[in-house]
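What the coordinates show
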Amino acid sequence: MVTISLCMIVKNEEQTLPRCLDTVHDLVDEIVIVDTGSTDGTVEAARRYTDRVFFFPWRDDFAAARNFSFQQAVMDYCLWLDADDVLEPADRDAFRAMKAALPPDTDLVMLPYHTAFDQDGRPLMVYYRERLVRRAAGFRWQGAVHEAISPAGRVRCGEAAVTHRKDRPGDPDRNLRIYEELLAQGRVLTPREQYYYARELWYHGRLSDAAAQLEAFLDSGQGWKDNCIEACRVLADCCGRLGRREAAFAALARALRYGPPRAEICCDLGQFFMDAGEWTAAVFWYEQALSRPRREGGGSFSVPDCHDYIPCLQLCVCWYRLGELERAKSYNDRAGAVHPQSKAYRANLSFFAGA
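Below or above, wherever it landed, is the structure these notes cover. (Residues numbered from 1 in each chain as written. Predicted model: local features only at pLDDT ≥ 70, side-chain atom pairs only at ≥ 80, totals over all residues. Heavy atoms only, no water.)

Taken together, the three bridges between strand β4 (residues 77-80) and strand β7 (residues 123-134) define a ladder with antiparallel strand orientation. The residue bridging Cys78 from the neighbouring strand is Val133, located in β7. With nine bridges connecting them, strand β6 (residues 108-117) and β7 associate as antiparallel partners. Looking across to β7, one finds that Met110 is bridged to Glu130. The hairpin turn running from β6 into β7, its antiparallel successor, is five residues long, and Gly121 in that turn takes a positive phi close to 85 degrees. (Pairing = 2+ DSSP bridges. Helix = DSSP H or I, 4+ residues; strand = E, 2+ residues; numbered from the N terminus.)

Set out below in structure tokens:
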């Protein structure tokens with residue numbers, strides 16, 4: 001069986017770190033904690049789980065800190081987590097089984113990352129991260145912010161999801177500040193950095209600046225396919241909110257260059273036509289969303305509800321607008337089968353009861 005070093009970088013996480021380690025400490029063979037400047041009891045909390053606690057002066061560079069943490073590891077593989085991540089019981093079982101069966105020539109394992117949830121605890125946002133890497137393969141983190149390792153070699157996908165349970169707000173301006181400091185120093189951003197810089201501009205409502213960066217990123221032709229597809233979606237949102245509807249449509253159509261449309265793109269196109277009152281066209285794209293396969297692997301953001309709940313709910317509206325009452329009801333029922341406590345589903349039930 002392979003051996004695993006858990007490698008974490010932390011700062012002021014005395015409340016969340018024990019919660020994380022309680023869910024994973026017995027699944028790994030070594031715990032490496034790198035503190036980047038805590039002023040609370042984080043270090044003391046870490047030492048209750050491991051004596052391998054190190055210190056790294058923070059310099060606004062996540063990749064540098066993560067690379068340092070990997071350099072302290074001595075086991076076959078490095079697993080990384082953030083302090084507000086956990087492994088739920090079913091995922092602990094899946095991780096244990098994966099570890100027992102993992103071929104030792106595997107270079108990198110991609111695992112699901114659950115980062116947003118509905119009222120029933122179902123993940124609303126899922127994407128795969130390079131979670132377990134073979135130490136001898138010499139992988140290096142890249143990127144001061146939104147750091148990543150480029151998957152290479154023998155890559156496998158696993159089912160053991162890591163769940164992000166953020167219980168307090170972070171600094172919402174940190175990432176944008178780091179990017180703009182790099183630019184002020186004359187740094188030329190890599191395509192991936194440009195993509196995430198554009199997303200930070202989008203988060204901060206600087207829509208014109210974000211759109212310009214996204215267009216430059218897409219025009220470069222150097223981005224990862226998954227990032228390009230997401231860039232098209234974000235660019236469409238920026239253009240739509242700026243009142244540039246044709247440019248928004250062009251951005252969504254551009255996503256089709258990268259392969260068969262994903263459910264998220266289909267839903268975006270459906271929404272575009274719904275906003276225009278073009279119900280038949282909207283029906284087409286929402287039906288396409290229902291037919292799209294779910295994805296494993298890759299680094300793009302996946303919205304599970306785009307495969308069932310969202311298109312069914314919107315098809316309910318579309319068919320009602322087209323005068324097909326029974327068909328509208330059937331799609332609302334399908335949406336309710338996914339989220340029975342949904343306010344929209346229940347409101348539709350009440351509406352149809354009085355229709």
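Now for the pairing of β4. The two faces of β4 match: Tyr77 and Leu79 on one face and Cys78 and Trp80 on the other face are all buried. Sheet analysis places strand β1 (residues 4-10) next to β4, joined by four bridges and oriented parallel. If you follow Ile4 over to β4, its bridge partner there is Tyr77. (Buried < 20%, exposed > 50% of the residue type's maximum accessible area, 1.4 Å probe, protein only.)

Before going further, it helps to spend a moment on the state of the cysteines. The final tally for this structure, using the stated rule, is zero disulfides. Residue Cys239 stays outside any disulfide, its sulfur separated by 6.7 Å from that of Cys238, the closest cysteine. Considering cysteine sulfurs only, Cys306 is the nearest to Cys267, which forms no disulfide, with 3.9 Å between them. (Disulfide = S-S within 2.5 Å.)

Moving on to the packing of aromatic side chains. Overall, the coordinates contain 16 aromatic pairs when judged by the stated rule. Judged by centre distance (5.6 Å) and plane angle (70 degrees), the ring pair of Tyr113 and Tyr127 falls under edge-to-face. Separated by 14 residues along the polypeptide, Tyr113 in strand β6 and Tyr127 in strand β7 bring together distant segments of the chain. Their ring planes at 75 degrees and their centres at 6.0 Å tell us that Phe249 and Phe273 sit as a pair that is edge-to-face. Placement of Phe249 in helix α9 (residues 245-255) and of Phe273 in helix α10 (residues 263-275) is noted, with a sequence separation of 24 residues between them. The exposure class of Phe249 is partly exposed, given its relative accessible area of 29%. (Phe/Tyr/Trp six-rings, centres within 6.5 Å; stacked < 30°, edge-to-face > 60°.)

Within the largest apolar cluster, 91 residues are counted, with the highest numbers of intra-cluster contacts made by Leu6, Met8 and Phe95. Counting residues per element, this core draws most heavily on helix α8 (residues 225-241), which supplies nine residues. The residues touching Leu6, leaving out its near neighbours within four places in the chain, are Leu21, Val24, Val28, Glu30, Ile31, Val32, Leu79, Trp80 and Leu81. In terms of nonpolar packing, the next biggest core, distinct from the first, is built from 21 residues, Val32, Val34, Ala64 and Ala65 among them. (Core = buried A, V, L, I, M, F, W, Y, C linked by side-chain atoms within 4.5 Å. Contact = heavy atoms within 4.5 Å.)

For the rest of this paragraph, the subject is the pattern of salt bridges. Think of it this way: side chains of opposite charge can pair up when their charged atoms draw near. The tally for this structure, following the rule as stated, stands at 29 salt bridges. Between Glu30 and Arg52 there is a salt bridge, with the nearest N and O atoms lying 2.4 Å from each other. Placement of the pair is Glu30 in strand β2 (residues 30-35) and Arg52 in the loop between α2 (42-47) and β3 (53-55), with a sequence separation of 22 residues. Residues participating in the shared-partner salt-bridge network are Asp105, Asp107, Arg134, Arg154 and Arg156. (Salt bridge = Lys/Arg side-chain N within 4 Å of Asp/Glu carboxyl O.)

On to the side chain of Thr42. Locating Thr42 in the fold gives a position in helix α2. The class for Thr42 is buried, based on a relative accessible area of 0%. Looking at Thr42, its side chain comes within polar contact range of the main-chain nitrogen of Glu13, at 2.6 Å. (Polar contact = N/O pair within 3.5 Å; in protein donor to acceptor, adjacent residues only side chain to side chain.)

Running from N to C, α10 and helix α11 (residues 279-291) cross one another at 165 degrees; their axes reach a closest spacing of 8 Å. For the element pair α10 / α11, the angle class is roughly antiparallel. Seen from above, α10 lies across α11 with left-handed handedness. Contact with α10, carried on its side by Ala263, Cys266, Cys267, Leu269, Gly270, Gln271, Phe273 and Met274, involves Trp279, Ala281, Ala282, Trp285, Tyr286, Gln288 and Ala289 of α11 and no other residues of that element. Residue classes in the contact of α10 with α11 are distributed as twelve nonpolar, three polar and no charged. (Axes fitted to C-alpha atoms, helices over the stretch in contact; angles between N-to-C directions. Parallel < 35°, antiparallel > 145°, perpendicular 65-115°, else oblique. Left-handed = near helix turned anticlockwise from the far one by under 90°. Nonpolar A, V, L, I, M, F, W, Y, C, P; charged D, E, K, R; others polar.)

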